[in-house]
Amino acid sequence: MHGRTLAAGVTVALRRAREAAQSFAGGPQKGSGPTEVTGGCKNNTAEKCCPEASEGRITEWLTFDNMHHQWLLLAACFWVIFMFMVASKFITLTFKDPDAYSTKEEVLFLTAMPDTGRLRGEKPFLEELKPTGRVLSDSQLVQPLVYLERLELIRNVCRDEALKNLSHTVVSKFVLDRIFVCDKHKILFCQTPKVGNTQWKKVLIVLNGAFPTIEEIPENVVHDHEKNGLPRLSSFSDAEIQKRLKTYFKFFIVRDPFERLISAFKDKFVHNPRFEPWYRHEIAPGIIRKYRRNRTETRGIQFEDFVRYLGDPNHRWLDLQFGDHIIHWVTYVELCAPCEIAYSVIGHHETLEDDAPYILKEAGIDHLVSYPTIPPGITVYNKTKVEHYFLGISKRDIRRLYARFQGDFKLFGYQQPDFLLN
C-alpha cells in the first residue's frame, strides 16, 4: 500500500515538472491563456482595439507567468527529490535480506557480548547447544554427530555378510563377565583392557558408593572384584540381564587394534607387574613353545612370537589353556558383542579428552563424578611406535594378524594399516 502511494506521488510530481518546463520554454500554449485581455478586445483583435494597453498587459502577464512557472519548476524539483529519498528509504527497509541481517547480528552477539553483561543465572547462548556440559570450541559443537556416526557404522558393518564371522559373537558368560553394573544410576560398562579401563572402573566404584572419591581407591582394590563393589552382569538372572540390557545406559571404549596389542604385550610381558606372575611364567613359555621359529633362541617372549600366536587361525586351543587372561588381547567383538548389544555410546581412546565428559553427561552423572586427569599426549596414536614394533615381522604374519582383527578395524572406523601390510 505504501509503495503504491509513493509511486503515484512521484508520477504526479514528474508530470507537473514536465508541464511547467514546457510552459516556461514556449510561453502560453493554445487554449491555455486567457480568452479576454480587455473589455471588447479578444484574442487576435487585441492589438487593433487597444494596442498600448494590450501590449503592456501582455508583457506584465508574461513576466508574472514566467516567474510563476519558475517557482513551480523549482518546487517540483524539490518535491521529486524528496519523494525519491522517501521511496529509496522505504525500498531499502522493505527488501533488505532478513537472513543476512540476523546472521550478522548473531555473529556480533556471539563474538562481542561480554560475560559481565549476562544476568545472574542466565546461560550463555552457546551453552544451550553444548552436548557435554563444558566449554567447547566451534569444531567440537558437532560432537553428537560423531557419536551417531559411530553407532551407524557399527550397524552397517554388522549387516555386512562378508564380515559376519568377524563382527558377530554369542552373548555368552564370557561377554557378561566383561560388563560391570551400576544399578543406582542405571549404567552398564563393558571392559576392554588396555584402553584406559582402570579409570572407568574407578568412576563406577565411586558411583556405587564403595569409596567416596577416586583418589581414595587403593590400586590393588580396583581389579579385586570381591572388594571394589562392582557387580558383573553375569551375576544376575536371565530376566534381570535382559531388563538391564534394554533399559540401561551402555558404553565401552576402543582404540587402534594394533596399538592396543602393543600395549597389552608391553604391560603383561615386558613391564609385567609382580602381582600377575602367570603372564611371564606360564603364558609366555606356552607361546614360545608353540610359535618360536628358532628353537635355539633362549630370550624371553618377543613381539614376533606374540603376533604369530594371535594370527594363528587355530589359536583357540591355546586360549582355552590361558583362560580369562586373554581378555587383554582378544577382539572387541569377543569382549563386548557390539552387533548383539545396542550400546548407547562408543568412546575412542584417541579422543578420550572429549569423549569422557560426553559419556558422563549422557549418562547423567557429570555432576557427581569426573573422569581422572588424562596425562598430555597419552591418547595420541603413535604410528612410529607401531612401525617400530612390527619392524622385522614377516608380511605374512602381519596379514594373518589383520585378518583376525579386521572386524575391529571395520566396526570402529580404524584405517587398514597399509603401511604394514604392503
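Remember, predicted model here, so these are calculated numbers, not experimental data. (Residues numbered from 1 in each chain as written. Predicted model: local features only at pLDDT ≥ 70, side-chain atom pairs only at ≥ 80, totals over all residues. Heavy atoms only, no water.)

Visitor: I'd like to hear about empty space enclosed by the protein, residue by residue, with values.
Guide: Using the criterion set out here, one finds one cavity of 30 Å³ or more in the structure. A volume near 30 Å³ is recorded for the largest cavity. For the largest cavity, the full set of lining residues is Ile187, Trp200, Val203, Leu204, Phe249, Phe251, Ile359, Leu360, Ala363 and Ile365. When residues of the lining of the largest cavity are traced back to their parent elements, those giving at least two are helix 8 (197-207), strand 5 (249-254) and helix 16 (352-362). Looking at the lining of the largest cavity element by element, the count peaks at three residues for helix 8. Class assignment for the residues of the lining of the largest cavity results in 10 nonpolar, no polar and no charged. (1 Å grid on protein atoms, 1.4 Å probe; cavity = no way out; pocket = protein on both sides within 12 Å on 5 of 7 lines; lining within 4 Å. Points joined across faces, edges and corners; volume = space filled by probe spheres on them. Helix = DSSP H or I, 4+ residues; strand = E, 2+ residues; numbered from the N terminus. Nonpolar A, V, L, I, M, F, W, Y, C, P; charged D, E, K, R; others polar.)

Visitor: Kindly report on the side chain of Lys202, identifying the contributing residues and their values.
Guide: Structurally, the position occupied by Lys202 is in helix 8. When its relative accessible area of 7% is taken as the criterion, Lys202 is described as buried. Not counting residues up to four positions away in its chain, the partners in contact with Lys202 are Ile214, Ile217, Glu219 and Val222. (Buried < 20%, exposed > 50% of the residue type's maximum accessible area, 1.4 Å probe, protein only. Contact = heavy atoms within 4.5 Å.)

Visitor: Requested: an account of the pairing of strand 3 (residues 179-182), with residues and values cited.
Guide: Burial along strand 3 is two-sided: the residues Ile179 and Val181 and Phe180 and Cys182 are all buried. Sheet topology note: the strand 3/strand 4 (residues 187-190) ladder contains four bridges and is antiparallel. The partner of Phe180 across the bridge, within strand 4, is Phe189. In this antiparallel pair of consecutive strands, strand 3 and strand 4, the connection spans four residues, and Lys186 shows a positive phi of 55°. (Pairing = 2+ DSSP bridges.)

Visitor: I'd love a proper account of the layout of surface pockets, names of residues and values included.
Guide: What the largest pocket holds in volume is close to 1,500 Å³. Along the wall of the largest pocket there are 46 residues; nearest its centre are Lys194, Thr198, His223, Asp267 and Lys268. Those elements giving two or more residues to the lining of the largest pocket turn out to be helix 8, helix 9 (219-222), helix 11 (257-270) and helix 12 (278-291). It is helix 11 that contributes the most residues to the lining of the largest pocket, five residues altogether. Tallied by class, residues from the lining of the largest pocket come to 14 nonpolar, 16 polar and 16 charged. The calculated volume of the second largest pocket comes to roughly 590 Å³. His315, Arg316, Asp319, Glu334 and Arg404 are, among the 25 residues lining the second largest pocket, the residues nearest its centre.

Visitor: So what's going on with the pattern of salt bridges? Residues and values would help.
Guide: In this structure the tally under the stated criterion is 19 salt bridges. Between Lys202 and Glu219 there is a salt bridge, and its shortest N-O distance comes to 2.7 Å. Highlighted residues: Lys202 in helix 8 and Glu219 in helix 9, separated in sequence by 17 residues. For Lys268, the salt bridge goes to Glu276, with nearest N and O atoms at 2.6 Å. Grouping residues by exposure puts Lys268 and Glu276 together as buried. Sharing partners across several salt bridges, the network here consists of Arg293, Glu304, Arg308, Arg396 and Asp397. (Salt bridge = Lys/Arg side-chain N within 4 Å of Asp/Glu carboxyl O.)

Visitor: Break down the state of the cysteines for me, citing the residues and quoting the values.
Guide: By definition, a disulfide links two cysteine residues through a covalent bond between their sulfur atoms. Here the structure, examined in full by the defined rule, presents two disulfides. A sulfur-sulfur distance of 2.0 Å marks the disulfide that ties Cys190 to Cys336. One quick way to see it: the torsion about the S-S bond of Cys190 and Cys336 is about -95°, and its sign makes the bridge left-handed. Taken as a pair, Cys190 in strand 4 and Cys336 in helix 15 (residues 332-336) lie far apart in primary sequence, 146 residues in all. Note on Cys190: relative accessible area 0%, which makes it buried. (Disulfide = S-S within 2.5 Å.)

Visitor: I'd love a proper account of the pairing of strand 5, names of residues and values included.
Guide: By the criterion of burial, strand 5 is predominantly enclosed, with six of the six residues buried. Every second residue of strand 5 is oriented toward a common face, with Phe249, Phe251 and Ile253 on one face and Lys250, Phe252 and Val254 on the other, all of them buried. Pairing between strand 4 and strand 5: three bridges, direction parallel. Along strand 5, the bridge assignment pairs Ile187 with Phe249. Of the strand pairs in this sheet, strand 5 and strand 6 (residues 345-348) are connected by four bridges, and their pairing is parallel. Residue pairing for strand 6: Ile253 is matched across the bridge by Gly347.

All quantities given are derived from atomic positions and should not be read as evidence of function.
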